[in-house]
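A closer look at the structure
The chain contents come next:
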Amino acid sequence: MAPTVILQPAGRSLCDEPLRIAVRRLAPEQPVTLRAALRDEKGALFRAHARYRADAAGRLDLERAPALGGSFAGLEPMGLLWAMQPDRPFWRLMKWDVQTPFVVELEVLDGHEPEPGTLLARAVHERHFLSPGVRRVPVREGRVRATLFLPPGPGPFPGIVDLFGLGGGLLEYRASLLAGKGFAVMALAYYNYDDLPKDIDVIHLEYFEEAVNYLLSHPQVKGPGIGLLGTSKGGELGLAMASFLKGITAAVIINGSVAAVGATIYYKEESVLPVTIMRNRVKMTKDGIKDVVDVLKSPLEDRKSFIPVERSDTTFLFLVGQDDHNWKSEFYANEVSKRLQAHGKKKPQIICYPETGHYIEVPYFPLCKAALHNLVGAPIVYGGEPRAHAMAQVDAWKQLQIFFHKHLGSKVGTIPAKL
């Protein structure tokens, strides 16, 4: 009998679900190499491999057997996914069409590297972004360009606006997965999409206010307020929205800046001016990649750039990568906390993740350690160590769900992801 790969769930799973990988019918204590690969929508190939040894009965279960080396080592049941590396430099795994899955190919080869031998078994598995019953609704309402994801069932549901960072476009993969947990989530584009501005020289919060009001007035969304989820530039905008706009009950800021960066933020007659950029503070890593972590002047010195968070009555959760090299996320979170408390506001919750970089993604997405930065015009280092970053992504996903369920008053429990 030939060896076989056993996957649980079998043919398909959600992208934030753990996947149990096992191999049966190997020889007793047979050395094997497992390889995993997926191709993104732009054609980039992501791959990982690890060396294993079957047990005395010829079985291999990645929940019990440690990897003996390769892309990772040790007991890492999901390592073949989170340790994947792209075949092109400075490339970040992203999903543009959530209606199609990522297809993961798994191979079992005889022996260990450098020269693993015969292909013993293979399996194909689909990683999906839409839970059964989740509805995807394109939104073109007034100026608002977005996609709303509604959970199955009659509702109404707690509403969340989801914002990504520089690069623009409309990224839906976090919103689509989060809708499967009982939230009505609107992935909001704000530039470089459809008829929206191509660049982000200025930001008018009236656009975001229109989006918040659209979501609040939706019959499937329960009030009285909504949630905000923002990463990077989206975190900065989330802080600005919570400071100037009404109707935002709870906000999760993932590695966001409390300073306006690269563009003036306008709301009615008021403005927050961009923080000074000190280009002479760019450093180079030993690999010749730019490190811009010290480039932005502190908003404590450049006070015109400090977003007036003290005006906000929003409840905040900050998720911070302590090795973020895009900007000083931990410093910004702590300064927000100080300013809120100095003005008699509620102390925000701050969760810091060691050895974790800038792009804290949904669980099991591989670490993007360096990539092109649109504002810099060159690749920069984003920080993070693969295993610690992977663990942080799993925990952050769980924490933000707990936070939103608590503060937006939903009754649905989270579906825990685990490594």
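Note that the coordinates shown come from a computational prediction; the quantities given were computed from them, not determined experimentally. (Residues numbered from 1 in each chain as written. Predicted model: local features only at pLDDT ≥ 70, side-chain atom pairs only at ≥ 80, totals over all residues. Heavy atoms only, no water.)

**Some details on the confidence of the model for the protein**
We apply this condition: On a scale of 0 to 100, pLDDT captures the predictor's confidence in every residue. The contact criterion used is simple: two residues touch if any of their non-hydrogen atoms lie within 4.5 Å.
Taken as a whole, the protein shows an average pLDDT of 96; of its residues, 98% reach a score of 70 or greater. In the model, residues 412–416 has pLDDT below 50 throughout and makes 12 contacts with residues more than four positions away in sequence or in other chains.

**Topic: the sheet that holds strand β18 (residues 270–272)**
We apply this condition: The pairing criterion for strands is at least two bridges between them, as found by DSSP. Under the DSSP-based scheme used, a helix requires at least four consecutive residues in state H or I and a strand at least two consecutive residues in state E, with every element numbered from the N terminus. Structural elements are reduced to axes, namely lines fitted to C-alpha atoms, with helices fitted over the stretch in contact, and the angle between N-to-C directions of any two is expressed from 0 to 180 degrees.
A sheet is described by the order of its strands in space; here three strands give the open sequence β14-β17-β18, paired in mixed fashion. Two strands close off the open sheet at either side, each with one partner strand: β14 (202–204) and β18. Ignoring which end each strand starts from, the neighbouring axes of this sheet average 20 degrees apart. With three bridges connecting them, strand β17 (residues 264–267) and β18 associate as antiparallel partners. Bridge pairing in β18 links I265 to V272. Where helix α4 (residues 233–244) meets the sheet, its contacts fall on β14, β17 and β18, and the angle it forms with β17 comes to roughly 30 degrees.

**Some words on the pattern of salt bridges**
It is possible for side chains of opposite charge to pair when their charged atoms get near one another. Quick reminder of the rule: Just to be clear on terms, a salt bridge is a Lys or Arg side-chain nitrogen sitting within 4 Å of an Asp or Glu carboxyl oxygen.
One pass over the structure, following the stated rule, counts 28 salt bridges. The salt bridge partner of D194 is R145, with a shortest N-O separation of 3.0 Å. Placement of the pair is D194 in the loop between β13 (184–188) and β14 and R145 in strand β11 (residues 144–150), with a sequence separation of 49 residues. The salt bridge partner of K338 is E335, with a shortest N-O separation of 2.9 Å. Note that K338 and E335 are positioned in helix α5 (residues 329–342) at a spacing of three residues, about one turn of the helix.

**A closer look at the pairing of strand β4 (residues 31–39)**
Summarising the sheet, β4 and strand β5 (residues 45–53) pair through nine bridges and their orientation is antiparallel. Opposite R35, over in β5, you have H49 as the bridge partner. Between β4 and the antiparallel strand that follows it, β5, lie five residues; G43 among them carries a positive phi value of about 95 degrees. Where β4 lies against strand β8 (residues 102–110), seven bridges are found, and the strand directions are antiparallel. Bridging across to β8, T33 finds its partner in L109.

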